[in-house]
Amino acid sequence: MELYKIDEKGLAEAMARVMEDYRVVAPVEKGPKHVFDDIEDWSDARPMAVGTVLPPKKYAFPQRETLLRFTLTGETPEAEAVMDDTPVVMAGVHPCDIAGLRCIDHTLAGRHFDEHYGARRMNAIVFGFDCMPDEHCFCTSVGTLKAESGYDLFFTPIQTGGFVIRIGTPRGRQLFEKYFQHAEGAGVYEESLEADFRQRKAEAVTAHIDAPVDDLPEVYQESMDSEVWDKWGAVCFSCGSCSLVCPTCYCFDVQDRVSLDGSEGRRDRIWDACTLPDFATVAGGHDFRPTAPKRLIHRHNRKFNYQQERYGEPHCTGCGRCGRSCLVHINMVTVANELIAEQKGEEA
Amino acid sequence: MSNGNGNVDVFVENITRVEGHGNIKVRASDGKLEECQLQITESPRYYEQMLLGRKWYDAVHITCRICGICSTGHTCSSLQGMERAMGIEPSEQTHKLRELGLMGETLQSHYLHVYFLVAPDLLGVPSVVPLAETHTDVVKMALRQKRLANDICCVTGGRHIHPLSMRVNGFTSFPTKEELAGLKERLIASRDDLQATVELLLTLADKLPAFERECEYVALTNPPRYEFYSGKIGSTVTEPVEPNDYKSKVIETTVPHSHAKFCGSDGKPYQVGALARFNLNHEYLKPEAKEVAKTLGMPGPSTNPYFINIAQVVECVETTEYAVELIDHFLDVGFDPEQDGHRDVKPQAGRGTGAVEVPRGILFHEYEVDDEGTIVDANLIIPTGQNLANVEADFEALVPTILDKEHKEIELLLEMLVRAYDPCISCATHLLNVEWID
Amino acid sequence: MKPKVAFFSFTSCEGCQLALLECENELLDILGAIDVVKFREAMSETSDEYDIAFIEGSISTPHDEEKIKKIRDTAKVIVEFGACAATGGLNAMRNSMGTEEDHYEELREKVYGPVGVEHFRSTKARPVHAVVPVELTIPGCPVDRGHLLEVIEAVLVGRSPRQFDHPLCVECKLNDTVCVVEAYGQMCMGPVTRAGCDSICPNVGDACEGCRGLLPSGNFAAHQQMLEEHGNSKEEIRLRYLMFNAYPCEELEVPLP
Amino acid sequence: MALAADSSIYVPEPVTLLETEQPTELEKVFRVKFDSGRPLGHGPGQFVQVSLFGIGEAPISICSCPGNDEYFEMTVRNVGMLTNKMHQMADGAKFGVRGPFGTTFPMDEMKGKDLVMVAGGIGLPPLRSLILPVMENRDEFGKVFILFGTRTPQEILFADDLKAWNEIPNTTVLQTVDQGDDTWDGNVGVVTTLFPQVSVDPDNTYAAIVGPPIMYKFVVMELAKLGVADERIFMSLERRMKCGVGKCGHCQINQVCVCMDGPVFRYSEARDMTEAI
Ligand SMILES: Cc1cc2nc3c(=O)[nH]c(=O)nc-3n(C[C@H](O)[C@H](O)[C@H](O)COP(=O)(O)OP(=O)(O)OC[C@H]3O[C@@H](n4cnc5c(N)ncnc54)[C@H](O)[C@@H]3O)c2cc1C
Ligand code: SF4
Ligand code: SF4
Ligand code: SF4
C-alpha cells in the first residue's frame, strides 16, 4: 500500500480546501472535554482528542432523526421518506470509532437495509486519525489498536512532525488527489515511524482485559448468574449513559409528532438504551428485564457475547466512553476481569 | 354601587390581567371615602424562611422562583446581595452580561404588559384573544417582540424564565457570537415594530385618564446613565444612599388595616417603577428614547400614574438601544472565561444588599451568611410591595373625583390604575399580609 | 369541537402560565386549536364550563383544597402544570420546617408581620395529585416549552404523552452535553430526576436541581454516595434533595443522608 | 457520490378497513385490504406493523388464512393508545401497514404429524393463521388438539371457529377458563389442566404455543411430559417492538431479534436463550 506524508501546515491547507467543498466535523473543545462538531477553521479541530462525549456515529445515525413526513389532510394519509445524503467529512475518527461504525453496519445496513442510515453512512467520509489512549481506553484488548479498513484516509502522527497518510478507498484516493497537493510520497523510514507511534500507543494503554477476546463469549455465557451483576446492578442508576455514548449501540424509539392544526406531522426516531427501565416492557405491564442487574447482563453480553457470536467481532471497541461517563464506575474492563477471575477461580 | 350621588361600593375580586391574585375594595358614601384597599389574596409562600440554613449558592435559584416575570431581576439582585455579603467583586464582563439579561427581561415584561394586559383596556376588549382576530398584525408584532425579548433572556441566562447560567461571581456559560449577532440583527429590525407601537399608543393615548397626584419617586440613579443595575438609591425628595443602606430609605411600617408591613420612605408612600425611573433619570435617556417620550407627550417628569404605561414604552426604546450597545461591546471584545470566578467562590461571613431595577421598580435582596456560606438572615423587598401604599393613596385621591361616574366606569378606572402599576402579586406575597375574601 | 381549556393558578410564581404565553411562535396555532375559556393572567372573560383544566401551583391552603375539588368535579382532564403542581416544587421546602398548623401561624407571623387581622390558614404544600386524581403531568420549574407543546399536541391528537420515566442523563447524552459531575464534580440530581427538559441545566454547565421530580425508579442510595465521593457533604446533599423534592422524598420514602 | 434513496423500509402502505367485528369487550377483529390491491402474502404466525400517523406503530399478528388474496384479518386487544385508536376506527377508514414480517410455523414440516396447539387469550389469533390452513387441508395432518384458555368465559375469541373445528373428525378443541361463572359449564383452571385429555403419538407430534409470557414454561413442561421433543415444539414470542425489521433493538433476546428471527421459534433454540421464556 502506498504511503504519503504531510506536515501540519500542509494538512491545515488541505483541510481548509476540503472545508470549502464539504461539511467538515471534528472533535472540538467543550469545557474540559471534547465533542464532535462542525468546524470552519481547522485550528479548532482536535483530531487526536480521545473520549469525545458522543462518538462520530451521530453523523450516520443522529440522536434524533425524522424518518417520515406525512400529511393528514387527504382521504388517505400520505407519507414520504426523509433522507439526508449530504456528504460530511468526519475528521478525527479513531480506530475504535471506525470499528464502531462497522458494528452498526452489521445491523442497520444488514438484512432489511435501512435506507435512512445508508444514505448518511455512505456519504460520511472518514478521515481516520491515530490517537494516544487515556486510562479508560483498552483498544489493545479488543483488536482495535489499528484500523485495517473502514476509512477513506488515515493519518498517523510521526515523531519528525506531521502525519503519514494511508488511503483506504477509491473515494479516499480522489479526495487525496484533489486536496492534498502538499503531501509527499513516503517510504520505509516513515513506515517505521508510523509503526513506532503505534508501538508507543500500545504501550500507553493501561486498561486490559485478562483474556483473549475470542474467549469472551463463553465467559459471558457462563456468567449469566454471576454475583458480579448483582454487585454492579446495585449501584447502577439505570441512566442509560453507557449505552448512549457507545459507538456500537443503535437501539431506538420511534415517536410521532403532529402539527397543532392536525394537518401534517412526522415520524422521528430517537436513540434509546437497553439499560433504561421499561425498555423491555410490553402491554399488560410485563417487563422482560425488570432489574438493573438483568439490564446490565444484556448490555454487556451484547458487546462480548450476543453480537460477537452473531457477527464475528466484539461489539465493544475499547473506546472507554461508557467507563468515562458512568458515574458509579461500571466499565467493560472491570466487569470482564471480574467475570474472568470468577471463572478462573471456579476452574481452579 | 354608584348611583351618581356619591355612594360607591366596589369590590373587584381577582383582578384579571395582573400577575398573581388581588382584590380591589373601595367603599364611599355621600362623597366620602370610607374604605379603600388593594388586597392581596395570594397564598403565603415563606421564601425568606425557606432560605435560612441553606447555602449561599442556592439563594439565587430559590429566589428567582419568587416570580416568573422578573426572575432575571431577582437573580441579579440576589447575586449582588450575596456577592456583597461575601465580599466578592465580579468582573465587568459578569456585570455587563447580567445587564443584558436585565434588558431582555425589562423588554419582555413591558411588552407583555403593554400589549397583553393594557392594550385590551384601551381597545375596549376583555383580553388579547379577540385581538388575534381583529388586530392580527398587532398581535403578531407583539408576539414577535416578546419572542425577541425572551430570547435575550434565554441567550444570557440559558432559559427564558428562571435563568440558569447566572451564578455568584460569574456565568456557567456564555452566549456564542452567532447568538449575539442574531439578537442584534433582530433588535435592529425591531426598531420598526417599536415605532409602530409608539404610533399605536399615540392613537390611544387620549384614552389614558388625566389624573395627577404628587408623590415621592424612588429609583436607582447613576448619572449620567439611565440606570437599571447599579448606582445608588435615588429619590425625588431625599439624597441618594448606597444599596447597603437601603433601610434608611425604605422603611417598613405596619399599617393597621390588612396590609401590614407596607414600605414607606419617611413614613409616606412613594412610587417605584418605570415612571419613577423616568422622573429621576429622564435626562440620561438615549436620544431615540427621549424623542419617543416627546412624541408621546411626556417630555419630562409626570405625576400621572396612568402614564407609567408611557414610561414603559419609552423604556422599551431605551432598553432596545442599550441592549444593542451591550451586544456590540461583547461582539467586539468577546468573553474571557479567565475573568469568570464562579467556580472559585470561597464563602465568607458578612451581610450585603443587592438592588436592581426590575420592570416594576427597585428590588432589594439582603442576605447575611456565616463563614461557611450558610444563610442566617434574608430580607427581600419587592417593588409591588413598595408600591401598594402608593396605589391606595392614588385611590384615595382619585375616587372622590370620579364618584359621579357609573359603577362600571369607576371599576374600570380603578382596575386600570392597578394594572398601570403592573403589580406583581406573586412576588409581593412573600412579604405582604394577606386577607382572604371569599 | 375544540376542547375548552381553563387555566388555574394556585400557590406559585405563575411562571408556568407565562411559559405558555412564551410559546410566541405557536400561540396563534394553539388558540386556533383550543378554546381558552379561563386564563386570569391574560384575560378578563371567563366561563365555568371546560373540558381540560391546567393547574399551576401547589395546594397549600384549605381554600385551595376546596377550589381544586370543585375544579375536579367539572374538568374531564386535569393537567398538573409545573413543579409546584406536579411535585409541590419549592413550596414544599417549608414542609420540613414543621407540620403543625401552629407552626405555620408562627412562620407566617415572622414573614408577614404581627397578627392583627384574620390570616388565612396554610397547610403543607402538596402537589395536585395528592388532593385529587389527575390525568396528566407536566413537571418542571418552569415547565419546558417543548414538553408543554408536546402534551397539548398529544391531547389534541388523542395520543398519550410521553412519560419520561428515565433519568435526565439520557438527554445530556443526546445533546452531547458535558456531564457536570464528570467534569466539575457538581451536585447534579440528573441521575435520579425525570427527564423531559432536554437537560437544559447541564447544557449550560449547571447541575440539575431536580425540578422535574424524583423518579420512582431512582437509585437514591447510589446517587447520594456518588455525590459524596465528589466532595459534597451529607448536609449539602440532603438540602439538595429537599430543594425541589421535599414532597417527593416523603411520597417515595427516599432515604436522606 | 450521493446515494439517493427515496424508498424506505419504514414507509407503510395504505390499507382500507373493510369491516370489523367485536367478539369480546376488549378485542376487535379487523378485516383489511391493501389499497394497491396487492395480496399480503403472509405465512402462518407472521405479523405486520400497523401504522397510524400521529400515534405510532404496533406489531399485530395476522389471524386470517394464508393464501387469501382478497383481504387479511387481525384481532386487536385494546390496551393502549394505538390499539385504542384502532378500536375507534369506522369501516372504510384508511391507515398504514408494513409487512408481513417474521418467521412462520413450518407447515410443511408438520404435514402428516399429530398437532397440539396451545393458545392463551390473545394468543389464539396468531395461532388461527396456522389452524385455518391445517383445517383446509385437514387430511394432510394426523390428530389435532387445540387447547385454548382465557381468564373468563367473556374473553373467548372465535367461538364459532372453535365450535366448527371441534366438529371436524380427528380434531379436538379443549377449552378452559381461569375463573368460571354461571354461563360456563366447562373446565376451570389454567390451560395446562387440559393436558390429561390430550393423547397423541409423541414421536410423531408437533406443538405450537402462543400466549402470555408466563404460560410458556408450564406448557413446555406438559409437552415434555407427553414426550414431545423440543425440536418439534414451536412458540411465538412477544416482545416490545418499534420497527419490526431487526433495527430498534427492543425485541432482542440474546443473539436473536424476535421480529426477524422470530416471532416463531423452535423450542430447542429458545430453550438455550437465557431470557426467552
Ligand atoms: C409479534 C407480535 C404480535 C402481536 N400480535 C398482536 C395481536 O395480534 N393482537 C394484539 O392485540 N396485540 C398483539 N401484539 C401486542 C401489541 O403489539 C401491543 O399490545 C401493542 O403494541 C400495544 O400498543 P398500544 O399503542 O396500543 O399501547 P401503548 O400505549 O403503546 O402501550 C401499552 C403498553 O404496551 C407496551 N408496549 C409498547 N409497545 C409495545 C409492543 N410493540 N409490543 C408489546 N407491548 C408494547 C408499553 O410499554 C405499555 O406498557 C403483538 C405483539 C408482537 C410483538
Ligand atoms: S452502567 Fe453506569 S452509565 Fe450505564 S446505566 Fe448504569 S449507572 Fe448509567
Ligand atoms: S461498550 Fe463502552 S468501551 Fe465498549 S465500545 Fe461501547 S462505550 Fe466503548
Ligand atoms: S450532568 Fe447530570 S444529568 Fe447530565 S449526565 Fe451528568 S449527572 Fe446526568
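The structure under discussion appears in the preceding block.
The following refers to the structure shown. (Residues numbered from 1 in each chain as written. Chains lettered and ligands numbered in written order. Predicted model: local features only at pLDDT ≥ 70, side-chain atom pairs only at ≥ 80, totals over all residues. Heavy atoms only, no water.)

**Details of the overall build of chain C**
Next, step 1: Within chain C one finds twelve helices and five strands.
Next, step 2: Scored against the burial criterion, the 257 residues of chain C give a buried share of 67%.
Next, step 3: Residue pairs in contact within chain C that sit at least 24 positions apart in sequence constitute 72% of those at least 6 positions apart.
Next, step 4: When the accessible area of chain C is evaluated, it comes to approximately 8,500 Å², of which 50% is carbon and sulfur surface. (Helix = DSSP H or I, 4+ residues; strand = E, 2+ residues; numbered from the N terminus. Buried < 20%, exposed > 50% of the residue type's maximum accessible area, 1.4 Å probe, protein only. Contact = heavy atoms within 4.5 Å. Areas by Shrake-Rupley, 256 points an atom, 1.4 Å probe, with all protein chains shown as cover.)

**Thoughts on the interface of chain A and chain C**
Next, step 1: Facing 36 residues of chain A, the contacting portion of chain C comprises 36 residues.
Next, step 2: Taken together, the connections running from chain A to chain C amount to five salt bridges.
Next, step 3: We note a salt bridge from glutamate 182 of chain C to lysine 33 of chain A, for which the minimum N-O separation is 2.6 Å.
Next, step 4: Applying the counting criterion to the chain A and chain C interface returns 14 residue pairs in polar contact (both at pLDDT 80 or more).
Next, step 5: The leading source of residues in the side of chain A that touches chain C is strand S11 (residues 252-258) of chain A, at four residues. (Salt bridge = Lys/Arg side-chain N within 4 Å of Asp/Glu carboxyl O. Polar contact = N/O pair within 3.5 Å; in protein donor to acceptor, adjacent residues only side chain to side chain.)

**With respect to the packing of aromatic side chains**
Next, step 1: Tallied over the entire structure, the rule returns 31 aromatic pairs over all chains.
Next, step 2: Arranged with centres 4.6 Å apart and planes meeting at 25 degrees, the rings of phenylalanine 330 of chain B and phenylalanine 335 of chain B form a pair that is stacked.
Next, step 3: Following the ring pairs from residue to residue traces out a cluster consisting of Tyr4, Trp42, Phe127, Phe129, Phe155, Phe163, Phe176 and Phe180 of chain A.
Next, step 4: Lying over the aromatic face of tryptophan 271 of chain A, lysine 57 of chain A brings its terminal NZ or CZ to 4.4 Å of the ring centre.
Next, step 5: For lysine 67 of chain C, the ring lying beneath its charged end belongs to phenylalanine 10 of chain C, and the centroid distance is 4.6 Å. (Phe/Tyr/Trp six-rings, centres within 6.5 Å; stacked < 30°, edge-to-face > 60°. Lys NZ or Arg CZ within 6 Å of the ring centre and 35° of its normal.)

**Section: the site of ligand 3**
Residues and elements named next belong to chain A.
Next, step 1: Taken together, 13 residues sit near ligand 3, with Cys246, Cys316, Thr317, Cys319 and Cys322 positioned nearest.
Next, step 2: Counting residues per element, the ones that place at least two in the shell around ligand 3 are helix H10 (292-311) and helix H11 (321-325).
Next, step 3: Of the residues belonging to the shell around ligand 3, the class tally is seven nonpolar, three polar and three charged. (Near = heavy atom within 4 Å. Nonpolar A, V, L, I, M, F, W, Y, C, P; charged D, E, K, R; others polar.)

**Notes on the sheet that holds strand S2 (residues 35-39) of chain C**
Residues and elements named next belong to chain C.
Next, step 1: Pairing in this open sheet of five strands is parallel, and the strands run S2-S1-S3-S4-S5 from one edge to the other. Every interior strand has two partners, whereas the edge strands, S2 and strand S5 (136-138), have only one. Shown here is a sheet whose adjacent strand axes are inclined to one another by a mean of 20 degrees, direction ignored.
Next, step 2: When strand S1 (residues 4-9) meets strand S3 (residues 52-56), the two strands line up parallel, connected through five bridges. Residue pairing in the sheet places phenylalanine 8 in a bridge with isoleucine 55 of S3. (Pairing = 2+ DSSP bridges. Axes fitted to C-alpha atoms, helices over the stretch in contact; angles between N-to-C directions.)

**Let's talk about the site of ligand 4**
Next, step 1: Around ligand 4, a shell composed of Leu327 of chain A together with Leu168, Cys169, Cys172, Lys173, Cys179, Val180, Val181, Cys188, Gly190, Pro191 and Pro202 of chain C is seen.
Next, step 2: With respect to ligand 4, its neighbouring residues span chains A and C.
Next, step 3: Breaking the shell around ligand 4 down by element, the ones donating at least two residues are helix H7 (169-174) and helix H8 (180-184) of chain C.
Next, step 4: With three residues, H7 of chain C is the largest single contributor of residues to the shell around ligand 4.
Next, step 5: In terms of residue class, the shell around ligand 4 is made up of ten nonpolar, one polar and one charged.

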